[in-house]
Amino acid sequence: MRILLVEDEVEVRALLRVGLKIHTALEVVGEAETAASGAAMAKRLQPQVILLDLRLPDSAPRDTFATVRAAAPGSRVVIYSAKESSRRWYEQQGAAFFGKSTDQLATLLDWCRREAERGD
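These numbers were taken from a predicted model, which means no experiment stands behind them.

What counts, and at which threshold
- Just so you know, the residues in each chain are numbered from 1, in the order the chain's sequence is written.
- Restriction of local features to residues with pLDDT of at least 70 applies here, the model being predicted, together with a cutoff of 80 or more for giving and counting side-chain atom pairs; totals for whole chains, interfaces and linings are based on all residues.
- Calculation of side-chain values draws on the structure's entire complement of heavy atoms; hydrogens and water are dropped beforehand.
- By this definition, two strands are paired if DSSP reports at least two bridges between them.
- Under the DSSP-based scheme used, a helix requires at least four consecutive residues in state H or I and a strand at least two consecutive residues in state E, with every element numbered from the N terminus.
- Axis lines are fitted through C-alpha atoms, for helices just across the contact stretch, and the angle between N-to-C directions can take any value from 0 to 180 degrees.
- An angle counts as roughly parallel when it lies under 35 degrees, as roughly antiparallel when it exceeds 145, as roughly perpendicular when it falls between 65 and 115, and as oblique in every other case.
- Left-handed describes a crossing whose near helix is turned anticlockwise from the far helix through less than a right angle; right-handed describes the clockwise counterpart.
- Whether two residues are in contact is decided by their heavy atoms, any of which lying within 4.5 Å being enough.
- Under this grouping Gly is polar, as are all residues other than the nonpolar Ala, Val, Leu, Ile, Met, Phe, Trp, Tyr, Cys and Pro and the charged Asp, Glu, Lys and Arg.
- Only one rule defines a salt bridge in this text: a Lys or Arg side-chain nitrogen within 4 Å of an Asp or Glu carboxyl oxygen.
- For each residue, the accessible area found with a 1.4 Å probe, counting protein chains only, is set against the maximum for its type, and the residue is called buried under 20%, exposed over 50%, and partly exposed in between.

Draft legend 1. A look at the sheet that holds strand β2 (residues 27–32). Reading across from one edge, β2-β1-β3-β4-β5 is the order of the 5 strands in this open sheet, with parallel pairing throughout. At either end of the open sheet lies a strand with only one pairing partner, and these are β2 and β5 (97–100). Neighbour-to-neighbour, the strand axes of this sheet turn through a mean angle of 20°, independent of strand direction. As paired strands, strand β1 (residues 2–6) and strand β3 (residues 49–52) are joined by 4 bridges and run parallel to one another.

As structure tokens, this is what we get:
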């Protein structure tokens, strides 16, 4: 499964990258720090999954989601963020998974592993 990380904090990206690397079916194909660079990479790479932080420096959360989702409409967008107040809205707009960054990283990794095993 090809995954794009869109997260502005270097430490969080590193944690996600290392966590994903332990699963051989999961491949991080790109990393972006802003909504604009995330959308550009998503459009170019067309990953199967986009792990998206909603709080990026160049865009409001809903705009970030809409921009990145529009850039790669065939990708599943997975939100991994501390902001949960609008969870229902994101799910209604097509978010494949909404994990809070305060949850265990294992929850997110388990979702990715299950999706990779499904082979969709």
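Draft legend 2. Structural context of the packing of helix α1 (residues 10–21) against helix α5 (residues 105–118). Running from N to C, α1 and α5 point in directions that differ by 50°, and their axes come no closer than 10 Å. Looking at the two axes, α1 sits oblique to α5. Crossing of α1 over α5 shows right-handed handedness. Residues L15, L16, G19 and L20 of α1 touch α5, and the partners they reach there are L105, L108, L109 and C112. Partitioned by chemical class, the residues of the contact of α1 with α5 number 7 nonpolar, 1 polar and no charged.

Draft legend 3. Region of the structure containing the pattern of salt bridges. Following the criterion strictly, the structure yields 6 salt bridges and no others. Put simply, E33 and R13 hold a salt bridge, and the shortest N to O gap is 3.4 Å. Of the two residues, E33 sits in the loop between β2 and α2 (35–45) while R13 sits in helix α1, which places them 20 residues apart along the sequence. With a closest N to O distance of 2.5 Å, R76 and E115 form a salt bridge. One end of the pair, R76, is in strand β4 (residues 76–81); the other, E115, is in helix α5, with 39 residues separating them in the sequence. Look at R76 and you get buried, because its relative accessible area is 18%. For E115, a relative accessible area of 8% corresponds to the buried category. One connected set of salt bridges, linked through shared partners, spans R13, R17, E31 and E33.

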